[in-house]
Amino acid sequence: MLKGIYRTLTGKAVTERRMEMVANNIANSLTPGYKASRPVFKMVDDLIGSQGESAGEQPAATGSYTLSSYINFADAAMVESGNNLDVGIEGDGFFVVTLNNKNMYTRNGQFTLNNEKKLVTMDGNIVMGEGGEITIDGSDIKIESDGTIYVDKKYANKIKVVTFDDKTKLKNYGRSLFVNEDVQAVEKTPEKYLLKQGFYEASNVDVIKEMIEMMSTLRAYESYTKVDQFFSEMMSKLINLGRM
Amino acid sequence: MIRALWTAGTGMNVQQVNLDIIANNIANVNTNGFKRSRADFQDLMYQTLRLQGIKTGEGNQVPTGIEIGHGAMLAAVQKVFMQGDFQETQNELDIAIEGNGFLTVIMPTGEKGYTRSCSLKRDSDGKIVTSDGYALEPSITIPNNTISISIRPNGTVSAKIANQSEPQQLGTIELAMFPNPSGLKSMGKSLYMETDASGSPITGKPGEDGRGTLLQGFLEMSNVNVMQEMINLIVGQRAYEVNSKAIQAADEMLQMANNVRR
């Protein structure tokens, strides 16, 4: 039988995953602090398939795709909100929040206070400072560009901002959070960052790029379908050959 | 079936709520004491098809995994308690709160409500009430033969009464502050109610402990910025549109898959 039809199948499966990633990016085009996922394709030579064939023959030049993805941690635009508990990070770094006694990382700086006057994310996860949990008791809140918080002109705490040497180890957790699952990766203070009070970071999804990605994905899928139809016709001709 | 359909669907859902909130903000552009709401979005959980960092059969480490997200969701709708602009009305019972704090009123159910819409009135007994007839807490009654009322920035209410040379002190308007005003429950009619998230109110005289001061003869206007809402509206509508395009694309892919066998 023709092997090609199975190869278009893997291609189609990969293209579907790619489409799902694009859809997720588009759905989050207005999610603050969201970082777009990008698909990566690798072509794997189909060595196993060619082993049974006669020696000296070149491996079949078809390949099966494997898909992987990475998170694009590029900075996004800052949106001015005027809310004095909104903080945007310009440059490298993440805010540290605790969830189930575990450190999670986020770039979504839309914070609020809970009933104990602690600084929390919109989900109620506590935002960590250099000196532990951040308590803000007062009305005049000033956050300096290094994260130092002054409440009523008195030092209160400093917002902790950390980064990693290798950010590819960070995994999406959902709810605008990233989780570090590599024990060897340690938090470190980024060299260059600026905190901006009254701003929050928008999503870094580039809608034009996503539309192009979507179009190319759609057309790729269409091509696979065309090839499938072609194979189908060929096989149909082969089968009907005997009847002539 | 292809997940992209539902993923883009969540995106459309979220934008729909976003438009609802913008519409409500715009509808209240002239509501005194109104505070705009803001929708806060988050990404949904991810499905990990291949975990990063695991070892492959050849002993290499997978540098990046495959994570496929499931779209977006609404995390919170936050009231933004930014100061609104002031409008001079010269009405002696109109007050604007300059800074933080809420007036406390008693609702018909007996519960306490909090408001920043302070266009106050007098009822038939001379009690100071809101436009809906809810009495202030602590209650202040204005005598019948009053000529004029003066409200000091620190909340002291005094009245000039006919045939009296000295103004008579009637009471003090107190302001309530909350540890987390965004956690208040909006009741409509410019009223808010206390919740577990907002914390208990701390009442006291205006101007003390970070409370705002009162300004007689002025009203606080809505803090909705029309320009900002229009931009949010455009962005929200376009985001809705692009999500619908993603659904169309996913649908076309399914259609093609169905057409392989004719």
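Since we're looking at a predicted model, the values are computed, not measured.

1. So, the overall build of chain B
Each helix and strand counted, chain B has two helices and 20 strands in total. Since a compact globule built from 262 residues should have a radius of gyration of about 18 Å, the 27 Å found for chain B marks it as more spread out than a globular shape. Counting only C-alpha atoms, chain B reaches 100 × 45 × 35 Å along its principal axes. Across the 262 residues of chain B, 45% fall into the buried class.

2. So, the confidence of the model for chain B
Across chain B, the average pLDDT comes to 89, with 97% of residues at or above 70. Predicted complex, confidence summary: ipTM 0.70, pTM 0.79.

3. Observations regarding the packing of helix α1 (residues 4-27) of chain A against helix α1 (residues 4-27) of chain B
Each pair of packed helices can be described by the angle between their axes along with the distance between the axes. Running from amino to carboxyl end, α1(A) crosses α1(B) at an angle of 5 degrees, the nearest separation of the two axes being 8 Å. In terms of orientation, α1(A) lies roughly parallel with respect to α1(B). Two secondary-structure elements touch here, α1(A) through A:Met19, A:Glu20, A:Ala23, A:Asn24 and A:Ala27 and α1(B) through B:Ala4, B:Thr7, B:Ala8, B:Thr10 and B:Gly11. Tallied by class, the residues present in the contact of α1(A) with α1(B) amount to five nonpolar, four polar and one charged.

4. Things to note about the packing of aromatic side chains
Each pair of aromatic rings is reported with the distance of its centres and the angle of its planes. Going through the model one piece at a time under the given rule, you end up with eleven aromatic pairs over all chains. Connected via pairs of aromatic rings, a cluster forms that spans B:Phe81, B:Phe102, B:Tyr114, B:Phe178 and B:Tyr192. Across from the ring centre of A:Tyr221, 5.6 Å away, lies the NZ or CZ of A:Lys12, which sits over that ring.

5. Considering the environment of A:Asn101
All names here are of chain A. Of note, Asn101 is situated in the loop between β5 (94-99) and β6 (102-106). Residue Asn101 is classed as exposed on the basis of its relative accessible area of 83%. Through-space distance from the C-alpha of Asn101 to that of Asp165 is 23 Å; in sequence the pair is 64 residues apart.

6. Regarding the sheet that holds strand β13 (residues 154-158) of chain A
Residue and element names in this part refer to chain A. One open sheet holds the three strands; their spatial order is β11-β12-β13, and the pairing between them is antiparallel. At either end of the open sheet lies a strand with only one pairing partner, and these are β11 (141-143) and β13. Within the sheet, the average angular offset between the axes of one strand and its neighbour, ignoring direction, is 25 degrees.

7. Here's the deal with the sheet that holds strand β13 (residues 156-161) of chain B
Hydrogen bonds along the backbone pair up the strands of a sheet, which may run parallel or antiparallel. Residue and element names in this part refer to chain B. Strand order in this open sheet of three strands is β12-β13-β14, and the pairing throughout is antiparallel. At either margin of the open sheet sits one strand with a lone partner, and together these are β12 (146-151) and β14 (168-172). Averaged over all pairs of adjacent strands, the angle between strand axes in this sheet comes to 25 degrees, irrespective of strand direction. Where β13 lies against β14, four bridges are found, and the strand directions are antiparallel. Bridge pairing in β14 links Ala159 to Gln168.

8. Topic: the interface of chain A and chain B
Where the parts come together, the accessible area they lose is often given as the size of the interface. Listed per partner, the contact involves 60 residues of chain A and 66 residues of chain B. Where chain A abuts chain B, roughly 4,900 Å² becomes buried across the two surfaces, and 57% of that area is made up of carbon and sulfur atoms. Broken down residue by residue, the surface that chain A buries against chain B is led by A:Glu20, A:Leu30 and A:Met122, which jointly contribute 12%. If you look at where chain A meets chain B, you find two salt bridges. Across the salt bridge formed by B:Arg38 and A:Asp86, the nearest N and O atoms sit 2.6 Å from each other. Remark: the boundary between chain A and chain B carries 16 residue pairs in polar contact (both at pLDDT 80 or more). Of all the elements in the fold, those that place two or more residues in the side of chain A that touches chain B are α1, β2 (63-71), β7 (111-113), β15 (170-174) and α3 (207-241) of chain A. When residues in the side of chain A that touches chain B are grouped by element, the largest group, eleven residues, is from α1(A).

9. Topic: helix α2 (residues 226-259) of chain B
Between its first and last C-alpha atoms α2(B) spans 49 Å; for 34 residues at 1.5 Å apiece the expected length is 50 Å, and the two agree. Here the buried face of α2(B) lies against α1 and α3 of chain A together with α1 of chain B. Two or three places before B:Met227, at the opening of α2(B), B:Asn225 has a side-chain oxygen 3.1 Å from that residue's backbone nitrogen.

10. Side note on a nonpolar patch on the surface
Residues and elements named next belong to chain B. The grouping of Ile26, Val226, Met227, Met230, Ile231 and Val235 at the surface amounts to a nonpolar patch, some 490 Å² of accessible area in total. Per-element accounting of the nonpolar patch gives the leading share, five residues, to α2. Mapping Met230 onto the fold places it in helix α2.

Criteria and thresholds
- Residues numbered from 1 in each chain as written.
- Chains lettered and ligands numbered in written order.
- Predicted model: local features only at pLDDT ≥ 70, side-chain atom pairs only at ≥ 80, totals over all residues.
- Heavy atoms only, no water.
- Helix = DSSP H or I, 4+ residues; strand = E, 2+ residues; numbered from the N terminus.
- Rg over C-alpha atoms; globule rule 2.2 N^0.38 Å.
- Buried < 20%, exposed > 50% of the residue type's maximum accessible area, 1.4 Å probe, protein only.
- pLDDT = per-residue confidence, 0-100.
- Axes fitted to C-alpha atoms, helices over the stretch in contact; angles between N-to-C directions.
- Parallel < 35°, antiparallel > 145°, perpendicular 65-115°, else oblique.
- Contact = heavy atoms within 4.5 Å.
- Nonpolar A, V, L, I, M, F, W, Y, C, P; charged D, E, K, R; others polar.
- Phe/Tyr/Trp six-rings, centres within 6.5 Å; stacked < 30°, edge-to-face > 60°.
- Lys NZ or Arg CZ within 6 Å of the ring centre and 35° of its normal.
- Pairing = 2+ DSSP bridges.
- Buried area = accessible area lost by both parts, 1.4 Å probe.
- Salt bridge = Lys/Arg side-chain N within 4 Å of Asp/Glu carboxyl O.
- Polar contact = N/O pair within 3.5 Å; in protein donor to acceptor, adjacent residues only side chain to side chain.
- Expected span 1.5 Å × (residues − 1).
- Patch = residues over 30% accessible without salt bridge, like charges linked within 9 Å, V, L, I, M, F, W, Y side chains within 5 Å.
- Areas by Shrake-Rupley, 256 points an atom, 1.4 Å probe, with all protein chains shown as cover.

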